[in-house]
Amino acid sequence: MSLFSSIRMANNTLRADQIALQVVGQNIANAETPGYVREEVILKPAASYKFGGFTLGLGVEVSAIVQKIDQFLEERLRGSVSDRSSAEVQEQAYQQLEGLIRELNDTDLSSDFTRFFSAISEVLNQPESAANRNQAVLQGRTLTQNIKRLYERVNTIRQDLDKRVENVADRINRLTSEIQQLNIRISEMEGGSASTSDAVGLRDRRQQALEELASLIDIRVEEQPSSGVAVYSGGLFLIYEGTRREVEVAHSTNRGIAVSEVHLKETDSNLETAGGELHGLIRSRDEVLGGFVDRLNELASALIFEFNKIYSSGQGLSGYQDLTSASAVLERDVPLDAAGLPFSPINGGFDLLLRNINSGVTRSYSIRVHLTGIQDDDTTLEDLADQINAIDGLQATILSTGKLRIRATAADTEFAFANDTSGILAALGLNTFFVGQTARDIAVNSVVAADPKTFAASRGGIGADTQNAVSLAGFMDQPLAGFGGVSIAAMYDSMIAEVTQGAAVTTAEAESARTFESTLRGQKLAISGVNLDEEAIRMIMFQRQFQASARFIKTLTDLLDILVNI
């Protein structure tokens, strides 16, 4: 072995030590850099050569500079990030919903229900008092306003979540574009299989972009031989090495508000995701809050129709001389159960009471509502108007809006309603307390609001008794046949219980997801994180190795000097 071969061997060692020290310095410099993955120098023996009968080595060389990363752990971590992000969005939605319903304080709906039905009970104590009836009307108005306010506020949150869905679509496109460009640059730098080293800085950036994308949607990542990655979500590919597919926002309507969905632009297919912020936003908007809106609408509908069915068969301290229905039909000549009314009447009938104000004499007339499914025989609004017009002293007119107007033809005559077995009065909004169809439009009928003396507390005639008020006061706990025998109180309790139970479950899921992600991050830190003590040890080791190699070169130089001077 010649002295020059020995110098070459020492030079290989110095070069390897310099590279190793640079990598150590890179690790130390980025010890606190978010997303940085520790680099490691892979050393291997340099090529050997023949010297006489011996095979001698030429020292050491750097085989590669690679990242210390566990790809399987990274995939699990991205999945946990998606789960945590989705759970946290739903957790926040439940927290906002619980804040709106304000259960267990005196401003919740249950308190409004209690005050309303207590006010009706006061009518029983002083049936002749118009002030008590007015108080019942005012408490009813407060109840309906708070139901509407709750509906509107829940939908406001849903609209805010929908705006975030649109924002997520923009962020997905930004991240997929960034990952696509990084794929190209990494492939160019690493040269596919031509290089054994990683484009470490670029890979760090791509790793961060993938994790951020995973916080938005659940993804599956596959690294390709070219060093690029393919990214899939819901069975659809978003990125494949140097190509990508954009997403766009598609609009539709859900429960009365405009909503956004994220579609793959190329195929217009819905981006179905099982995790990430997008999943949490859509589920919170449509299932958590949307489901609550459904239950609130069901509660409001039951209150409007079932309460009105009882109320409309009663009479107030005074009757009507002119009354127009609150609801309208779409077609005047089709059966009433198919005429587009907000609630469907059934086969039955009701009584019209005609009272002479001066004499106090009351006459009763039966109005038939025939709804058996036989089209030619079923009662239409025109048929109903004809029956009323056949009563001497009353006139019924169908307005151009599809509403029914009834008026007394004499100034000393007033009319009222009784014994409705068909539900047509509640369906048309004649002699009703509530109007509307759902929580969106529930309100107190303007007729009783303008004249509380018409509050229908009596069942035996105009100003006769308070039997109807007795039924109304106990309505909250009365089983409703049209709603499976469930009372308004039970429906409300069930609605609140669903929120509280859902909130508890979601909070537990979010906490579990946070804990699991924290555990995986700890495992990643142990593998990919920078430990300054370990780096200091490596730095000293390569420093000593470099010093020894330098001294070896000094010795070889001295030997060469001796040879030259001989």
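Relevant structure appears above.
Because the structure is predicted, anything quoted here is derived from the model rather than measured.

Please clarify how the overall build of the protein chain should be interpreted in this entry.
Within the protein chain, the secondary structure is distributed over twelve helices and 19 strands. In terms of its C-alpha atoms, the protein chain occupies a principal-axis envelope of roughly 150 × 50 × 30 Å. In the protein chain, which comprises 566 residues, the proportion classed as buried is 47%. Across the protein chain, every contact between residues at least 6 apart in sequence was considered, and the portion connecting residues at least 24 apart equals 69%. Put simply, the protein chain shows about 26000 Å² of open surface, and 50% of that area lies on carbon and sulfur atoms. Side chains of the protein chain carry 51 positive and 75 negative charges; the gap between the two charge centres is 6 Å.

Just to check I follow, could you spell out the layout of surface pockets for this structure?
Gaps between atoms show up when a probe of the same size as a water molecule is rolled over them. In this structure, the largest pocket spans a volume of roughly 400 Å³. Along the walls of the largest pocket sit 17 residues, with Thr33, Pro34, Gly35, Tyr36 and Lys524 positioned nearest its centre. When contributions to the lining of the largest pocket are tallied by element, the ones reaching two or more residues are helix H5 (200–216) and helix H11 (488–528). In terms of residues, the lining of the largest pocket owes the most to one element, H5, which gives five residues. Split into classes, the residues belonging to the lining of the largest pocket amount to five nonpolar, seven polar and five charged. What the second largest pocket holds in volume is close to 190 Å³. Around the second largest pocket sit Phe305, Lys309, Ile310, Ser313, Ser344, Ile346, Asp420, Thr421, Ser422, Gly423, Arg459 and Asn468, which together line it. Sorting elements by how many residues they give to the lining of the second largest pocket places helix H6 (residues 276–311) first, with three residues.

Please explain the side chain of arginine 285 as it appears in this structure.
Assignment of secondary structure puts arginine 285 in helix H6. Side chain to side chain, arginine 285 and aspartate 162 meet in a polar contact 2.6 Å long. If we skip the residues at most four places from it in the chain, arginine 285 touches Arg158, Leu161, Asp162, Val165, Val259, Ser260, Glu261 and Gly290.

I'm lost on the packing of helix H4 (residues 130–190) against H5 in this one. Help?
Describing two packed helices takes the angle between their axes plus the distance from one axis to the other. Where H4 meets H5, the axes come as close as 9 Å, and the angle between the chain directions of the two elements is 155°. Taken as axis vectors, H4 and H5 run roughly antiparallel relative to one another. Judged by the twist between their axes, the crossing of H4 over H5 is left-handed. Partitioned by chemical class, the residues of the contact of H4 with H5 number twelve nonpolar, two polar and nine charged.

What's the story with the side chain of glutamate 517 in this structure? I'm lost.
Here glutamate 517 shows up in helix H11. Excluding residues within four positions of it along the chain, glutamate 517 makes contact with Leu77, Ser80, Val81 and Arg84.

Help me understand the pattern of salt bridges in this model?
Pairs may arise between side chains of opposite charge once their charged atoms sit close together. Inspection of the entire model under this criterion finds 36 salt bridges. With a closest N to O distance of 2.9 Å, glutamate 212 and arginine 174 form a salt bridge. Of this pair, glutamate 212 sits in helix H5 while arginine 174 sits in helix H4, and the two are 38 residues apart along the sequence. Residue class for glutamate 212 comes out partly exposed when judged on its relative accessible area of 31%. Three or more residues joined by partner-sharing salt bridges are found here, namely Arg84, Glu88, Glu91, Glu211, Glu511, Arg514, Glu517 and Arg521.

Honestly, the packing of aromatic side chains in this entry has me stumped. Any pointers?
Each pair of aromatic rings is reported with the distance of its centres and the angle of its planes. Within this structure, the stated rule accounts for 20 aromatic pairs. On the basis of an interplanar angle of 45° and a centroid distance of 5.7 Å, the ring pair of phenylalanine 116 and phenylalanine 307 is categorised as tilted. With phenylalanine 116 in helix H3 (residues 109–125) and phenylalanine 307 in helix H6, this residue pair connects regions lying 191 residues apart in the sequence. In this structure, phenylalanine 116 and phenylalanine 307 share a single accessibility class: buried.

Sorry, what's going on with the sheet that holds strand S13 (residues 348–356) here?
Pairing between the strands of a sheet is mediated by backbone hydrogen bonds and can be parallel or antiparallel. The strand order S14-S13-S17 describes an open sheet built from three strands, whose pairing is antiparallel. The open sheet is flanked by strand S14 (362–369) and strand S17 (413–418), the only strands paired with a single partner. Averaged over all neighbouring strand pairs, the angle between strand axes comes to 25°, with direction disregarded.

Whenever I open this one, the pairing of strand S10 (residues 257–264) confuses me. Can you help?
Consecutive side chains along a regular strand alternate between the two faces of the sheet. Burial within S10 is extensive, with seven of its eight residues counted as buried. As judged from the eight bridges shared by strand S9 (residues 247–254) and S10, these two strands associate in the antiparallel manner. The partner of valine 247 across the bridge, within S10, is leucine 264. Counting the residues between successive antiparallel strands, the hairpin from S9 to S10 contains two residues, one of them, arginine 255, with a positive phi of roughly 55°. Of the strand pairs in this sheet, S10 and strand S11 (residues 269–270) are connected by two bridges, and their pairing is antiparallel. Residue pairing across strands places leucine 264 opposite serine 269, the latter belonging to S11.

I tried to follow the sheet that holds strand S12 (residues 322–324) on my own but got confused; where do I start?
Strand order in the open sheet made by the three strands is S12-S16-S15, with antiparallel pairing throughout. Of all the strands in the sheet, just S12 and strand S15 (394–398) have a single pairing partner and so form its edges. On average, adjacent strands in this sheet sit at an angle of 15° to one another, irrespective of strand direction. Relative to strand S16 (residues 404–408), S15 runs antiparallel, the two being bridged by five bridges. Looking across to S16, one finds that isoleucine 398 is bridged to leucine 404. Each of S15 and S16 is contacted by helix H7 (residues 381–389), which is oriented at about 160° to S15, the strand it contacts most.

What am I meant to see in unusual backbone geometry here?
Backbone phi values are negative for most residues with the exception of glycine, while trans is the configuration of most peptide bonds. Here glutamate 241, not a glycine, exhibits a phi torsion of approximately 55°, which is positive. With respect to the helices and strands, the residue glutamate 241 is situated in the loop between strand S7 (236–240) and strand S8 (243–244). Positive phi outside glycine occurs at aspartate 268, with the angle close to 60°. If you trace the backbone, aspartate 268 turns up in the loop between S10 and S11.

Help me out: how do you make sense of helix H12 (residues 532–565) in this one?
Given 3.6 residues to a turn, an α-helix orients residues that are three or four positions apart in the same direction. End to end, H12 covers 49 Å across 34 residues, agreeing with the expected 50 Å (1.5 Å per residue, within 8%). Residues of H12 that are buried include every one of Glu535, Phe542, Ser549 and Leu556, and no others. Buried residues belonging to H12 abut helix H1 (3–29) and strand S1 (39–45). The N-cap residue of H12 is asparagine 531: its side-chain oxygen and the backbone nitrogen of aspartate 533 are 2.9 Å apart.

Looking at this model, I keep getting lost on the pairing of S15. Mind explaining?
Along S15, the buried face is formed by Leu394, Ala396 and Ile398; none of Gln395 and Thr397, which line the opposite face, is buried. Joining the antiparallel neighbours S15 and S16 is a turn of five residues, in which glycine 402 adopts a positive phi near 95°.

Thresholds, definitions, all that
Residues numbered from 1 in each chain as written. Predicted model: local features only at pLDDT ≥ 70, side-chain atom pairs only at ≥ 80, totals over all residues. Heavy atoms only, no water. Helix = DSSP H or I, 4+ residues; strand = E, 2+ residues; numbered from the N terminus. Buried < 20%, exposed > 50% of the residue type's maximum accessible area, 1.4 Å probe, protein only. Contact = heavy atoms within 4.5 Å. Areas by Shrake-Rupley, 256 points an atom, 1.4 Å probe, with all protein chains shown as cover. Lys, Arg positive; Asp, Glu negative; His and termini not counted. Charge placed at Lys NZ, Arg CZ, Asp CG, Glu CD. 1 Å grid on protein atoms, 1.4 Å probe; cavity = no way out; pocket = protein on both sides within 12 Å on 5 of 7 lines; lining within 4 Å. Points joined across faces, edges and corners; volume = space filled by probe spheres on them. Nonpolar A, V, L, I, M, F, W, Y, C, P; charged D, E, K, R; others polar. Polar contact = N/O pair within 3.5 Å; in protein donor to acceptor, adjacent residues only side chain to side chain. Axes fitted to C-alpha atoms, helices over the stretch in contact; angles between N-to-C directions. Parallel < 35°, antiparallel > 145°, perpendicular 65-115°, else oblique. Left-handed = near helix turned anticlockwise from the far one by under 90°. Salt bridge = Lys/Arg side-chain N within 4 Å of Asp/Glu carboxyl O. Phe/Tyr/Trp six-rings, centres within 6.5 Å; stacked < 30°, edge-to-face > 60°. Pairing = 2+ DSSP bridges. Expected span 1.5 Å × (residues − 1).

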